[in-house]
Amino acid sequence: MLLYSYKFCILLSELKNNNFYKYILTNESINYINNNYIPGVDSKPNYYEIALRELPNWFNSNNVNTNGAYVCSCGYWYTVPPCGYPTTIGNCPKCGEQIGGTGHMPVIGEYHMRIFKDQQNIDNINYNFYTYNGFKYMIFDDFKVFCQDKLKSNEIKGIYSIDYDLFINETKEVRKLSTISYRLLNFIIYSCIHFSNILGFLTEQQVEKFIPPFTTSFQIIEEDWNLLKKALFDKEIQNPQIFLNVIIPELLELIKQYENFETIEKRNEFEEKINTLVDKIYKKKKNSRI
Ligand SMILES: [Zn+2]
């Protein structure tokens with residue numbers, strides 16, 4: 001595993017200048033990570049999307065006259081049992097902002113809101129009667145409209161530190177990448193980050209912002225390797241080493257074409273080419289029964 005991680009870094013550092021991956025292995029590393037749409041890393045999760053998906057079910061299976069649903073300014077939703085009015089302040093597990101409240105008074109945050117099932121829900125508990133110091137609230141139908149803007153794009157430059165559970169999730173969809181393409185590209189970028197850190201181009205603090213909380217870059221490449229192996233095995237490719245040896249020459253040719261990924265289109269184009277290449281190698285290998 002480490003051998004291949006190292007191999008990629010050696011091959012990439014030997015590329016001519018003006019190459020995205022080569023820059024990750026120089027003192028330009030942090031600038032290149034932060035200013036490009038990185039191939040093979042997860043998009044920032046959209047918590048509004050999750051709230052829209054999960055709230056209807058929650059409204060239908062809970063007593064909305066007692067329990068209450070709230071959303072943080074980042075879109076993360078949470079409940080306040082048993083009465084629906086907060087009595088403790090905590091930090092949002094997703095963005096760190098204050099959520100909850102004290103003495104039944106919710107913390108005021110830009111888009112920190114209580115969401116009601118419908119107008120009847122508001123009327124039943126006479127919520128309109130209390131102003132709660134300007135605290136925002138809306139019914140779910142209005143929340144759907146409010147979310148339209150928030151759902152448009154999660155694309156960010158750089159790398160967003162996702163939760164470990166999401167990182168290892170084997171059924172998630174990362175743009176149009178196949179599982180093998182995603183794990184392969186993820187393995188390559190985290191190998192570069194890992195060695196850039198060892199070489200002193202990235203600090204521990206900088207690396208921490210790119211990996212799931214409480215993990216190390218070494219753990220991430222190890223996990224990527226295991227999941228890549230598993231994805232290949234599912235496609236009846238028993239030996240990841242042979243697969244990599246076969247794919248590396250053409251993969252490097254593709255990588256050489258990109259000086260940067262400053263636009264989403266460029267990143268997507270590269271990812272599509274990786275998908276096509278992985279497919280081609282897979283078919284080739286299948287026919288030769290390696
Ligand atoms: Zn939040």
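In this text, all values refer to a predicted model and were calculated from it rather than measured experimentally. Position numbers for residues start from 1 in each chain and track the written sequence from start to end. In keeping with the predicted nature of the model, local features appear solely for residues at pLDDT of at least 70, side-chain atom pairs appear and are counted solely at 80 or more, and the whole-chain, interface and lining totals rest on all residues.

The subject of this paragraph is the overall build of the chain. For the purposes of this entry, the term helix denotes a DSSP run of H or I that reaches at least four residues, the term strand denotes a run of E that reaches at least two, and both are numbered from the N terminus. For the chain, the count of helices and strands is twelve helices and seven strands. Each principal axis of the C-alpha distribution contributes one length, and for the chain these read about 70 × 40 × 30 Å. Taking all 290 residues of the chain together, 30% fall into the buried category. By definition, residue pairs are in contact when their C-beta atoms, positioned from the backbone, come within 7 Å. Sequence separation of 24 or more characterises 64% of the internal contacts of the chain that already satisfy a separation of 6 or more. Partly exposed residues are those falling between the two cut-offs: more than 12 but fewer than 20 other C-beta atoms within 10 Å of their own, whereas 20 or more means buried and 12 or fewer means exposed, with C-beta atoms placed from the backbone.

Here the expected length of a helix is defined as 1.5 Å per residue gap, with one fewer gap than residues. Between its first and last C-alpha, helix α1 (residues 2-13) extends 16 Å over twelve residues, near the 16 Å set by a 1.5 Å rise per residue. Against α2 (20-24), α8 (179-198) and α10 (217-234) lie the buried residues of α1.

Further remarks concern the nonpolar core. In globular proteins that are soluble, nonpolar side chains generally tend to be buried together. Here a nonpolar core is just a set of buried residues of the types Ala, Val, Leu, Ile, Met, Phe, Trp, Tyr and Cys, joined wherever their C-beta atoms sit within 7 Å. Counting residues in each nonpolar core, the largest one holds 43 residues, and the members touching the most others are Ile24, Ile189 and Cys192. Broken down by secondary-structure element, the contributors of at least two residues to this core are α1, α2, α3 (29-34), α8, α10, α11 (240-256) and α12 (264-288). Broken down by element, the residue count for this core peaks at eleven residues, all from α8. Discounting residues that sit within four places of it in the chain, Ile189 has contacts with Ile38, Gly40 and Val41. Tyr47, Ala51, Cys74 and Val80 belong to the second-largest nonpolar core, a separate cluster that totals 15 residues.

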